[in-house]
Structure formats: structure tokens, C-alpha cells
Amino acid sequence: MGLLDQMAGALAGGQSGGNGALLETVLQLVNDPRHGGLEGLVSAFQQGGLGEIVNSWVSTGANLPVSPEQVQGALGDASLQDIAAKLGVGPEQASGSLAELLPQVVDRLTPNGQLPQGGDLLAQGLDMLKKGGLFS
């Protein structure tokens with residue numbers, strides 16, 4: 001188990017309901033080298049015509065909202081099915097939850113308005129935990 005997985009588990013342990021499992025799944029998604037990590041996730045949204053939205057999450061300004069349908073389009077049906085299965089929910093519920101959480105996670109992992117390079121993602125994730133996580 002990687003350090004980012006351990007961080008997600010630690011943060012998830014302090015959360016109620018499904019938020020911890022959702023956060024853990026999102027952190028695994030942004031750390032998954034098969035999908036290009038955080039950079040690949042941002043790229044998938046940009047290639048899906050959602051560049052303005054995802055760029056707002058990375059930038060230092062306000063985060064633009066994303067709809068569940070837009071999340072599904074950017075991630076694709078197969079990835080969304082995998083995420084839904086991990087969470088034990090249907091794809092519609094998974095995409096709705098991701099639409100709420102992804103902007104916050106990407107925003108917190110890019111506090112300087114740019115994608116972290118190399119080990120910086122890990123440092124940003126640790127900083128996110130130190131500052132009280134996403135749900136505080």
C-alpha cells in the first residue's frame with residue numbers, strides 16, 4: 001500500500017458515512033499511473049471539452065461546478081463503472097459524488113495554480129491532511 005493510500009485511509013477513518021470511501025477512491029484515481037495520475041485526470045477533462053472547468057480547479061480562483069454527466073463523459077463508462085463498483089453504488093450516484101468532490105480534491109492538490117511535479121503531489125496530499133482535510 002502506497003503512502004497516498006495510507007493518507008486516504010487515515011483521512012477516511014475520520015469521516016462519517018461514505019465520504020471516506022469516496023475520498024479514498026478519488027485519491028487513488030489521481031494517483032493511478034495507468035490513467036496518468038492527476039495530470040492524466042486533468043487532461044481527460046480538457047480533452048472532453050471541459051478545459052475551462054478543470055482549469056478553474058487547478059487555478060487559484062473559484063472552482064467552476066461540473067455536472068455528473070460531464071464527469072461521466074470525461075472519465076468514460078468503464079472507469080465510472082469501476083469507481084461505482086468500488087463504492088458499492090450505481091454509476092449515476094458515483095458520478096454525482098465525483099462531481100461534488102473532484103473540484104475540491106484537484107483544487108487542494110494544486111494550491112499554487114499549477115499541477116505538482118514528481119513528489120510534490122505527495123507533499124500536497126500530506127498538507128491537505130494537516131489542514132483538516134476536505135470535509136472540515
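Here, every reference points to the structure presented above.
Everything in this summary refers to the structure shown in the same document. (Residues numbered from 1 in each chain as written. Predicted model: local features only at pLDDT ≥ 70, side-chain atom pairs only at ≥ 80, totals over all residues. Heavy atoms only, no water.)

1. Thoughts on the overall build of the protein
A count of helical and extended segments in the protein gives seven helices and zero strands. Each helix (α) and strand (β) of the protein, taken in turn from the N terminus, gives the series α-α-α-α-α-α-α. Nonlocal contacts in the protein, meaning residues at least 24 apart in sequence, comprise 60% of its contacts between residues at least 6 apart. Taken as a whole, the protein presents about 6,900 Å² of accessible surface, with 48% of it coming from carbon and sulfur. (Helix = DSSP H or I, 4+ residues; strand = E, 2+ residues; numbered from the N terminus. Contact = heavy atoms within 4.5 Å. Areas by Shrake-Rupley, 256 points an atom, 1.4 Å probe, with all protein chains shown as cover.)

2. A look at the environment of Ser 95
Checked against the element boundaries, Ser 95 lands in helix H6 (residues 91-109). C-alpha separation for the pair Ser 95 and Ala 84, spaced eleven residues apart in sequence, amounts to 8.1 Å. Contact partners of Ser 95, with chain neighbours within four places excluded, come to Pro 68, Val 71 and Leu 80. Only 3.0 Å separates the side chain of Ser 95 from the backbone oxygen of Glu 92, close enough to count as a polar contact. (Polar contact = N/O pair within 3.5 Å; in protein donor to acceptor, adjacent residues only side chain to side chain.)

3. Notes on the nonpolar core
Core analysis: the biggest nonpolar cluster contains 30 residues, and Leu 41, Phe 45, Trp 57, Leu 75 and Leu 98 have the highest contact counts within it. Those elements giving two or more residues to this core turn out to be helix H2 (19-31), helix H3 (37-58), helix H4 (68-75), helix H5 (77-87) and H6. Broken down by element, this core gets its largest block of residues, nine residues, from H3. Residues within four places of Leu 75 in sequence aside, it is in contact with Leu 29, Leu 41, Phe 45, Ile 83 and Leu 98. (Core = buried A, V, L, I, M, F, W, Y, C linked by side-chain atoms within 4.5 Å. Buried < 20%, exposed > 50% of the residue type's maximum accessible area, 1.4 Å probe, protein only.)

4. Regarding the packing of aromatic side chains
Summed over all chains, the structure comprises one aromatic pair. Where Phe 45 meets Trp 57, the ring centres are 5.3 Å apart and the plane angle is 65°; that geometry is what we call edge-to-face. Note on accessibility: Phe 45 and Trp 57 belong to one class, buried. (Phe/Tyr/Trp six-rings, centres within 6.5 Å; stacked < 30°, edge-to-face > 60°.)

5. What to know about H6
Across its 19 residues, H6 extends 25 Å between first and last C-alpha, which sits within 8% of the 27 Å expected from 1.5 Å per residue. Leu 101 marks the point of greatest bend in H6, at about 35°, and the proline Pro 103 comes within the next four residues. By the burial criterion, the buried members of H6 are Ala 94, Ser 95, Gly 96, Leu 98, Ala 99, Leu 101, Leu 102, Pro 103, Val 105, Val 106 and Leu 109. (Expected span 1.5 Å × (residues − 1). Bend = angle between axes of the 7 residues up to and from the residue.)

6. Brief notes about the packing of H5 against H6
Packed helices, taken two at a time, are described by their axes: the angle between them and the distance between them. The N-to-C vectors of H5 and H6 enclose an angle of 95°; their axes lie 8 Å apart at closest approach. Compared by their axis directions, H5 and H6 come out roughly perpendicular. Contacts between H5 and H6 pair Leu 80, Gln 81, Ile 83, Ala 84 and Leu 87 from the former with Pro 91, Ala 94, Ser 95 and Leu 98 from the latter. Class assignment for the residues of the contact of H5 with H6 results in seven nonpolar, two polar and no charged. (Axes fitted to C-alpha atoms, helices over the stretch in contact; angles between N-to-C directions. Parallel < 35°, antiparallel > 145°, perpendicular 65-115°, else oblique. Nonpolar A, V, L, I, M, F, W, Y, C, P; charged D, E, K, R; others polar.)

7. Topic: the environment of Asn 31
Topologically, Asn 31 is positioned in helix H2. With relative accessibility at 36%, the residue Asn 31 sits in the partly exposed group. Through-space distance from the C-alpha of Asn 31 to that of Leu 41 is 9.5 Å; in sequence the pair is ten residues apart.

8. Looking at the side chain of Ser 56
Mapped onto the secondary structure, Ser 56 falls in helix H3. For Ser 56, a relative accessible area of 7% puts it in the buried group. A distance of 2.6 Å separates a polar side-chain atom of Ser 56 from the backbone oxygen of Ile 53. A distance of 2.8 Å separates a polar side-chain atom of Ser 56 from the backbone nitrogen of Leu 64.

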